[in-house]
Amino acid sequence: MAKSAKSALSRNPVFLSSVYRRQSFFDKHKQIEKKKEETKHWFQQIFLNDKEITKKKFLKLNRDKHEFGVHFFRLFDGNDSGDVSLEEVAGGLNKLSNQGEAKAKTIKWFMDRFKKCNSSGEDITEQVFLESINQEFLSRLFDLIDIDHSGSVSLVEFQRSVNRMLMMGSEEKVLLYLENKFHECSSDTDKITFKEFSKVIHNKQEYFTRRMFEICDRDNSQTISLHEFTDTLGKLMRTSKNPEEKEKIDRDKLRFLFRVYDEDNNDEISREEMRKCMEMGLIESNLDISDVETISDTLFDTVDVDGNNSISFSEFYMTMKMVIDNLEIK
């Protein structure tokens with residue numbers, strides 16, 4: 001594939017949502033399970049022989065914020081990738097407690113705190129996570145776990161919160177976050193409009209938000225149900241190390257990307273559709289669009305294998321799958 005075509009693909013913000021890492025599945029699984037057991041044991045030690053713990057004692061015991069932070073970070077980093085998204089953190093914090101409005105305000109504080117400490121705007125690394133922890137962080141965390149507002153947390157209550165977190169995968173945390181955002185933005189309990197959808201899915205260019213909305217809106221009702229919302233986005237978030245599962249996941253993601261380009265829904269991508277989507281992608285990424293026609297035409301001609309001036313999904317999939325298998329995005 002031409003370098004210019006690869007460059008065009010790598011600058012596409014929709015395409016960049018797919019991250020692929022290679023590692024032995026079984027070795028990784030054992031490592032993750034071992035860390036989970038270490039984390040469960042460490043949190044149990046906070047209580048020692050006490051059946052419950054007060055906020056004052058909780059703050060005193062966790063003066064070593066580094067050690068606490070390492071284990072607390074593991075609760076969110078369920079696949080041991082070394083970084084977590086804000087959505088994963090929000091979903092995990094939601095699982096810690098069943099409080100209502102007070103929980104939402106507390107989680108917003110955590111989100112603002114992480115954003116302040118994470119100037120890069122990328123996923124949160126363990127180092128950034130550790131730098132975010134201060135006394136107020138610990139105090140608000142205790143309040144989140146203290147469901148009955150009694151001023152103390154029982155060992156059983158705390159263990160349940162930790163176990164809920166450890167049992168959740170990264171995808172489940174993200175989906176829980178999205179489900180909560182769906183209900184938070186919806187004026188109707190079952191559906192959201194495009195305006196409400198825009199509050200959940202943030203893009204600089206309305207074009208991509210509109211295309212995502214139209215793809216989610218399977219019944220063309222001009223609204224999206226919770227099922228349409230979570231089912232469509234859930235497929236985009238799935239990952240697997242199993243070769244057969246990975247093949248299907250890649251296909252689902254590329255089918256979604258194909259539909260983003262295919263604006264008139266005729267199951268083909270025209271040269272003009274390719275050019276428009278590429279231009280919107282470059283603008284979205286704050287990149288120069290002066291060469292968009294050349295970049296787009298190069299990419300189009302590369303993917304249009306049979307040269308009939310339109311791109312079928314099979315052509316799209318064959319070319320893009322080759323890029324996925326060869327490009328390393330870290």
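Report follows, based on the coordinates. Only a predicted model underlies this, so the values are computations on that prediction, with no experimental measurement involved.

1. Structural notes on the environment of Asn 118
Among the secondary structure elements, Asn 118 is positioned in the loop between helix H6 (101-117) and strand S3 (124-125). By relative accessible area, which is 11% here, Asn 118 ends up buried. Taking the C-alpha atoms as reference, Asn 118 lies 9.2 Å from Glu 131; in sequence the two are 13 residues apart. Setting aside chain neighbours within four positions, we find Asn 118 in contact with Asp 123, Ile 124 and Val 128.

2. Topic: the packing of aromatic side chains
The final tally for this structure, using the stated rule, is 23 aromatic pairs. Aromatic side chains Phe 197 and Phe 213 sit 5.4 Å apart centroid to centroid with 70° between the ring planes, which places their arrangement in the edge-to-face category. Within this pair, whereas Phe 197 is found in helix H11 (residues 194-200), its partner Phe 213 is found in helix H12 (residues 206-216), the two being separated by 16 residues in sequence. Like Phe 197, the residue Phe 213 is buried in the burial classification. Through a chain of ring-to-ring contacts, the aromatic side chains of Phe 58, Phe 68, Phe 72, Phe 73, Phe 76, Trp 109, Phe 110, Phe 114, Phe 129, Phe 137 and Phe 142 assemble into a single cluster. Lying over the aromatic face of Phe 313, Arg 255 brings its terminal NZ or CZ to 3.9 Å of the ring centre.

3. Things to note about the pattern of salt bridges
Per the counting criterion, the structure on display carries 16 salt bridges. Between Asp 250 and Lys 246 there is a salt bridge, and its shortest N-O distance comes to 3.1 Å. With Asp 250 and Lys 246 both in helix H14 (residues 243-261) and four residues apart, the pair spans about one turn of that helix. Given the relative accessible area of 0%, Asp 250 is considered buried. Classification of Lys 246 as partly exposed rests on a relative accessible area of 22%. As a salt-bridge pair, Lys 321 and Glu 247 come within 3.9 Å of each other at their nearest N and O atoms. Of this pair, Lys 321 sits in helix H17 (residues 313-326) while Glu 247 is found in helix H14, placing the two residues 74 residues apart along the sequence. Overlapping salt bridges bring together Arg 271, Glu 272, Arg 275, Asp 297 and Asp 301 as one network.

4. Re the packing of helix H15 (residues 271-284) against helix H16 (residues 292-303)
The contact between H15 and H16 brings their axes to 9 Å, and the two run at 130°. Here H15 is positioned oblique relative to H16, judged by the angle of their axes. Helix-helix and strand crossings are classified by hand; for H15 and H16 the assignment is right-handed. Here Arg 271, Met 274, Arg 275, Met 278, Glu 279 and Leu 282 of H15 lie close against H16, whose contacting residues are Val 292, Glu 293, Ile 295, Ser 296, Asp 297, Leu 299, Phe 300 and Asp 301.

5. A word on the nonpolar core
Counting 41 residues, the largest nonpolar core has Phe 197, Phe 229, Tyr 261, Met 274 and Phe 316 as its most contacted members. Setting aside its immediate chain neighbours within four residues, Phe 197 contacts Ile 192, Thr 209, Met 212, Phe 213, Cys 216, Ile 224 and Phe 229. Listed in part, the 34 residues of the second largest apolar core include Phe 43, Leu 75, Trp 109 and Phe 142.

6. Re the packing of helix H4 (residues 65-76) against helix H8 (residues 135-145)
Where H4 contacts H8, the axes come no closer than 12 Å and their chain directions differ by 50°. Comparing the axis directions of H4 and H8 gives the class oblique. For the crossing formed where H4 meets H8, the hand is left-handed. Across the interface between the two elements, Lys 65, Phe 68 and Phe 72 from H4 touch Gln 135, Phe 137, Leu 138 and Leu 141 from H8. Taken together, the residues that form the contact of H4 with H8 break down as five nonpolar, one polar and one charged.

7. Regarding the side chain of Arg 211
Examined against the element boundaries, Arg 211 turns out to sit in helix H12. Look at Arg 211 and you get buried, because its relative accessible area is 1%. Side-chain polar atoms of Arg 211 contact the backbone oxygen of Val 260, separated by 3.1 Å. For Arg 211, the residues in contact, after removing those within four places along its chain, are Arg 259, Val 260, Asp 262, Glu 263 and Asn 265.

Cut-off values and rules
- Residues numbered from 1 in each chain as written.
- Predicted model: local features only at pLDDT ≥ 70, side-chain atom pairs only at ≥ 80, totals over all residues.
- Heavy atoms only, no water.
- Helix = DSSP H or I, 4+ residues; strand = E, 2+ residues; numbered from the N terminus.
- Buried < 20%, exposed > 50% of the residue type's maximum accessible area, 1.4 Å probe, protein only.
- Contact = heavy atoms within 4.5 Å.
- Phe/Tyr/Trp six-rings, centres within 6.5 Å; stacked < 30°, edge-to-face > 60°.
- Lys NZ or Arg CZ within 6 Å of the ring centre and 35° of its normal.
- Salt bridge = Lys/Arg side-chain N within 4 Å of Asp/Glu carboxyl O.
- Axes fitted to C-alpha atoms, helices over the stretch in contact; angles between N-to-C directions.
- Parallel < 35°, antiparallel > 145°, perpendicular 65-115°, else oblique.
- Left-handed = near helix turned anticlockwise from the far one by under 90°.
- Core = buried A, V, L, I, M, F, W, Y, C linked by side-chain atoms within 4.5 Å.
- Nonpolar A, V, L, I, M, F, W, Y, C, P; charged D, E, K, R; others polar.
- Polar contact = N/O pair within 3.5 Å; in protein donor to acceptor, adjacent residues only side chain to side chain.

None of this, on its own, says anything about what the molecule does.
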